[in-house]
Amino acid sequence: MLKKAFLLVISVSLNFVFLYGCNKSTNDLTPSSGTATTSTTTTTSSTYNDLWIPPTITGKTFDLTLAKSSKQLRTGAKTATYGYNGTEFWGPTLIMNKGDFVQMNVTNNLSETTTTHWHGFHIPAIMDGGPHQMIEPNTTWKPSFEIKNNAGTYWYHPHLHEKTFQQLTYGAGGLIIIKDPIESALALPRTYGTDDIPLVLTSRRYNSDNSFTTTEHAYGDYAMSNGTHNAQISLPKQFVRFRILNAETERAYNLGFSDNRSFYVITNDGGLLDAPVEVTRVKLAVGERAEILVDLSKDAVSTSLDMKAYNANQEFGFGGSEPQTNGQFGSLLNNKDFTVLHINVKAATVNAITSLPAKLTTNIYWKESDATSTRTIRITGGQAGSAFTFDNNTYGFTTINQTVKLNAVEKWTIVNNNIFGHSFHIHDIQFKIVSRSSGAIANYESGWKDTFYIRTGETVSVVAKYDDFASSTNPFMYHCHFPNHEDAGLMGQFLVIQ
Ligand code: C2O
Ligand code: CU
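Sequence order as written defines residue numbering, which begins from 1 separately in each chain. To read the labels, note that chains go from A and ligands from 1, taken in the order they are written. Local features in a predicted model are, by the rule used here, given only for residues with pLDDT of at least 70; side-chain atom pairs are given and counted only at 80 or more, and totals for whole chains, interfaces and linings are based on all residues. Excluded from the side-chain calculation are hydrogens and water; included are all heavy atoms of the structure.

## Some words on the pairing of strand 30 (residues 451-454)
Working step 1: The buried label applies to any residue whose accessible area, calculated with a 1.4 Å probe on protein chains only, is under 20% of its type's maximum; exposed applies above 50%, and partly exposed to all values in between. Secondary structure counts use DSSP, requiring at least four H or I residues in a row for a helix and at least two E residues in a row for a strand, with both numbered from the N terminus. Alternating residues of strand 30 divide into Thr 451 and Tyr 453 and Phe 452 and Ile 454, and every residue in both groups is buried.
Working step 2: Only when DSSP finds a minimum of two bridges between them are two strands counted as paired. Relative to strand 30, strand 28 (residues 422-426) is paired through four bridges, and the arrangement is antiparallel. Each residue of the ladder has a partner; that of Ser 423, found in strand 30, is Tyr 453.

In structure tokens, the structure reads:
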């Protein structure tokens, strides 16, 4: 909800009439050939496309090359995209082990500058891949660092100031899976693509030539899971794990299953919860991840169910709750329940996981009383004609907004104004949410977090220790994870100093 560019609103509205006024049908999203499913199960519909599962790279050396690509996403012309390592959209899933020293080699084969940020990683600021670590066209950036994070689902994405929205929209990004001995010792589904499913949720809006709309707008019109519209997958009759990332611009997801079955949240952004948390819905704001387990063992083979975003009737400020269907803050998906993944049940695999671990790990979280210092950051601006800011300061490339002492345990209190909800992210550390002025902290967000949803009018406090990495010159970022908001200046910088 960036309150500016009224002319843009008008032009987007006109585009909308032009694009969508006369020939809409869901079949427009079915590729003309090739990728439509040929599966023969009775419940499989030809209007679905098979969920793309990103390839993996495992080891200690990770070579990534970002380049232009294209993908058949709609009938007619292919859509111009970005992908890492020759993918048609998005990038490979990187699988690494806690404790390893990894070498990252990121080559930029675009004709524009990019950066690659390792979202959620606890690494030195100069390795972080934020706006300062620019990768010029036809060059390779080679950071290396120790993996200090817990097992969990992380991600990488461009973070070039004022270009993040556009490069993400084209598809630049990828998941990272960290493994560690604690997670590996648990009886959890972990066969990638079989019972351990990466699921990157976003949406896109199109121009009449099938290019993605990259003028400023908050929401896509068509749900996209792993770069696939109308996605379906066949899953075995057993416990299945999903590693879900909200990779949207502004839309939040209130996820559940079409029969309202319970499922279990097992991780937050920074790793395992102490025990699985049973839910029927989980909310994920932009940049947040959760791993969930769902029990398909009682489902009959050839039946189907849907994972859905139950986004109808959310509170004002929940991204995508707006009633309008077009314009800068409108979308065909707004204020609707919609499917993100159609699931067909097939026979169990050998060695299927058929029960839920009672206990996952033992986390020692920071408490409010552990904080040795506190600071308050206010989300300001956002009135008609002005962008959102922190503490009335727009982002400055050379401005240091906060200075933290190495090894401090700090409580950061984020105060939202009354305009809209946001997704707040801090680099470098994983924190614990210790209070929400709107009420209780949901059990499913009780673990280690690096990103959280902050409601309209809400104040949220988080506690973290800023350990290991100090630099008097290289800052870390904190920002709203809506890429259009961070690009417009809702971002600040902090130094961790000796
Ligand atoms: Cu996912 Cu500062 O970013
Ligand atoms: Cu925001």
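Let us keep going from here.
## Quick look at the domain arrangement of the chain
Working step 1: Per the domain assignment, the segments making up the chain are domain 1 (2-346) and domain 2 (368-497).
Working step 2: Residue ranges assigned to each domain were obtained from an automatic or database domain assignment. Measuring from the centre of the C-alpha atoms in domain 1 to the corresponding centre in domain 2 gives 23 Å.
Working step 3: The contact criterion used is simple: two residues touch if any of their non-hydrogen atoms lie within 4.5 Å. Contact with domain 1, which involves 58 residues of that partner, is made by 49 residues of domain 2.
Working step 4: Throughout, the accessible surface (probe 1.4 Å) given up by two parts as they are put together, summed over both, is called the buried area. Here domain 1 packs against domain 2, burying approximately 4300 Å² in sum over the two surfaces, 59% of which is carbon and sulfur.
Working step 5: Counted as salt bridges are all cases of a side-chain nitrogen of Lys or Arg within 4 Å of a carboxyl oxygen of Asp or Glu. Scanning the region where domain 1 abuts domain 2 turns up four salt bridges.
Working step 6: The residue Arg 289 makes a salt bridge to Asp 450 at a minimum N-O spacing of 2.8 Å.
Working step 7: Polar contact is defined as a pair of N or O atoms within 3.5 Å, subject to the rule that within protein one atom must be able to donate a hydrogen and the other to accept it, and that residues adjacent in sequence are counted only when both atoms are side-chain atoms. Along the contact surface separating domain 1 from domain 2 lie 37 residue pairs in polar contact (both at pLDDT 80 or more).
Working step 8: At the level of secondary structure, the elements contributing two or more residues to the side of domain 1 that touches domain 2 comprise strand 7 (117-119), strand 10 (152-157), helix 2 (164-170), strand 18 (263-268), strand 19 (271-279) and strand 20 (282-284).

## Focus: the coordination of the copper ion (ligand 2)
By definition of the ideal shapes, four donors in a tetrahedron about a metal sit 109.5 degrees apart, and six donors in an octahedron sit 90 or 180 degrees apart.
Working step 1: Only N, O and S atoms count as donors, using a 2.8 Å cut-off from the metal and 3.2 Å for Na, K and Ca, and because water is excluded some sites may appear unfinished. Taken together, the protein donors to the copper ion (ligand 2) comprise His 422 (ND1), Cys 480 (SG) and His 485 (ND1), at separations of 2.0 to 2.1 Å.
Working step 2: The motif formed by the donor residues of the copper ion (ligand 2), counted along the single chain, is H-x57-C-x4-H. Of this pair, His 422 sits in strand 28 while Cys 480 sits in strand 32 (residues 476-480), placing them 58 residues apart in sequence. In terms of burial, His 422 and Cys 480 fall into one category: buried.

## Regarding the sheet that holds strand 24 (residues 373-381)
Working step 1: Taken together, five strands build an open sheet; the order of strands is 25-24-27-31-29 and the sheet is mixed. For this open sheet the edge positions go to strand 25 (388-390) and strand 29 (432-436), each flanked by a neighbour on one side alone. Each strand axis lies, on average, 20° off the axis of its neighbour in the sheet, ignoring direction.
Working step 2: The pairing of strand 29 with strand 31 (residues 459-465) spans four bridges and is classified as antiparallel. Between N-to-C directions, angles cover 0 to 180 degrees, with each direction set by a line fitted to C-alpha atoms, over the stretch in contact for helices.

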